[in-house]
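Survey of secondary and tertiary structure
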Amino acid sequence: GLSSYRFRCAFRGLDIIANITKSSIMSDSKGDLSSEKDIITGAHASIAMMNVDPSNSNHQRKKRKRNPYGNLKKKKSDAARKVDSNRGTWREQKPDEPKLPHNGSYAAQSMQQLFGVSLPDNLPDEIKVTKRKVALLIAYVGTNYSGFQINENQKTVQAEIELALYKARFVQKSNFGFPHKYSWSTSGRTDKGVHACAQVCSMKLEIGEMTGEEVIKRINSALPKDITVLDVKRTTRNFCAKTGRSRVRYQYMIPSYIFFPDARRVFEESGIDATRSPSDPITDDEVKALRAKLKNYRVTSGQLESLQCALKLYNGTHAYHNFTRRMNPGDKAASRYIIEFVAKAPVIREDGTEWIPTLVLGQAFLLNQIRKMVALACDVVSHRATLDTMKYALSKETKLRLPIAPAEGLFLDMSVYDGYNERKNRTSDLAEDLDW
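Residues numbered from 1 in each chain as written. Predicted model: local features only at pLDDT ≥ 70, side-chain atom pairs only at ≥ 80, totals over all residues. Heavy atoms only, no water.

**Let's talk about the overall build of the chain**
- Broken down by element type, the chain carries 11 helices and 10 strands.
- A total of 436 residues make up the chain; the buried ones form 39% of that total.
- Intrachain contacts of the chain at a sequence separation of at least 6 include 71% that bridge at least 24 residues.
- Put simply, the chain shows about 27300 Å² of open surface, and 50% of that area lies on carbon and sulfur atoms. (Helix = DSSP H or I, 4+ residues; strand = E, 2+ residues; numbered from the N terminus. Buried < 20%, exposed > 50% of the residue type's maximum accessible area, 1.4 Å probe, protein only. Contact = heavy atoms within 4.5 Å. Areas by Shrake-Rupley, 256 points an atom, 1.4 Å probe, with all protein chains shown as cover.)

Rendered as structure tokens:
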């Protein structure tokens, strides 16, 4: 859905109405009149009380400016003026302090030392090249990263992409470490360990008249093997990958063997204590032994139907404060609209393991929301929870602690920009449709 904008018009009377009480001039029995001097003095006193300059009988208050909608502009307080002066800066810094790069960027010395990154010294001199607003389609495996978004002292996908853009000379040294200077924006922020098949990032790059193939080749040559740019397209100047997105789709791959009816017996046969504490996870050798016995399991039609019913319960608008962190019952920000959540036909990989692809399409998602949605639905299939439990977790007034599925099975599958494409076709001929 599109955000609605509300405009309020406030009208305020600004005319100064000077009501000067006229002194009654009454003649007494002798016909004496009040002193003219006293009348003038009283009039001046009344005007002074109204903060009007008595020397100017035609005084008019200075007219206040009006905004484009015809409303009178409100006077800003000192605090508001201070906020405006700091708006648009990367962080609030004193005027005499140099602006520092983001602590999560490889432009920062701390990040270079922490991860052993050395910046190239043999780059050619900076040459001014025309900036173009573009959108990059990026795929990555998030196993070795602490999420996508740049973060202090963390290895992130965004930091790797920015470093590659700098090495490819698409971002100048003066902008390296300051994403806002080249209008960086992204379709979605994936959590630690989450992957992406179609992440969309928008930015201004100094590519001049280079072709898309040349841009892709230069960026990929500087990227690690688990991150790759799939495509690049020109966009309109005001395009933003985050706000221009209409919908987003994620995919979660569920291994069928988690629905094995007697998993405790398999654990015991493999010499593994099924009641061990979560703080004592199973080892890699134990995982291999379990996988060898469970990989040939196939989900039944009844289990698949039960999974479909559980996922369908998420469709529509619900409160998801129980499916994320640091949210309480009643928080308006927890409300999310799910367009569709379905399970597809199972697929079998080369090693013989069967997987169930699930696709969830929505407008926006909260931190850990999808992984907790999948975990609760799987508990319903395994009879560890019921549909009533799901309804209880989705109610606005309840507080419930829910399990979370591993991050390794989640993929950002698609970002939809049909609204942007429709608006663009009416205003620009150079920009391309984002129909990935």
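Here the narrative resumes.
**Quick word on the nonpolar core**
- Counting residues in each nonpolar core, the largest one holds 74 residues, and the members touching the most others are Ile161, Met203, Ile219, Tyr314 and Phe323.
- Considering each element in turn, this core owes the most residues, 9 residues, to helix H9 (residues 369-381).
- When residues no more than four places from it in sequence are discounted, the contact partners of Tyr314 are Tyr320, Phe323, Ile338, Phe341, Lys372, Met373, Leu376, Ala377, Met390 and Leu394. (Core = buried A, V, L, I, M, F, W, Y, C linked by side-chain atoms within 4.5 Å.)

**A closer look at unusual backbone geometry**
- With a phi close to 70 degrees, Arg169 is a non-glycine residue in the positive phi region.
- Mapped onto the elements of the fold, Arg169 is located in the loop between helix H4 (157-167) and strand S2 (185-186).
- One non-glycine residue, Asn368, lies in positive phi territory at about 65 degrees.
- Along the chain, Asn368 falls in the loop between strand S9 (354-362) and H9.
- Judged by its relative accessible area of 5%, Asn368 is buried.

**Side note on the packing of aromatic side chains**
- Under the definition given, this model contains 12 aromatic pairs.
- Through successive ring pairs, a cluster of aromatic residues spans Tyr314, Tyr320, Phe323 and Phe341.
- Stacked on the ring of Phe178, the Lys or Arg Lys181 has its end atom at 4.4 Å from the ring centre. (Phe/Tyr/Trp six-rings, centres within 6.5 Å; stacked < 30°, edge-to-face > 60°. Lys NZ or Arg CZ within 6 Å of the ring centre and 35° of its normal.)

These results come straight from atomic positions and should not be treated as a statement about function.
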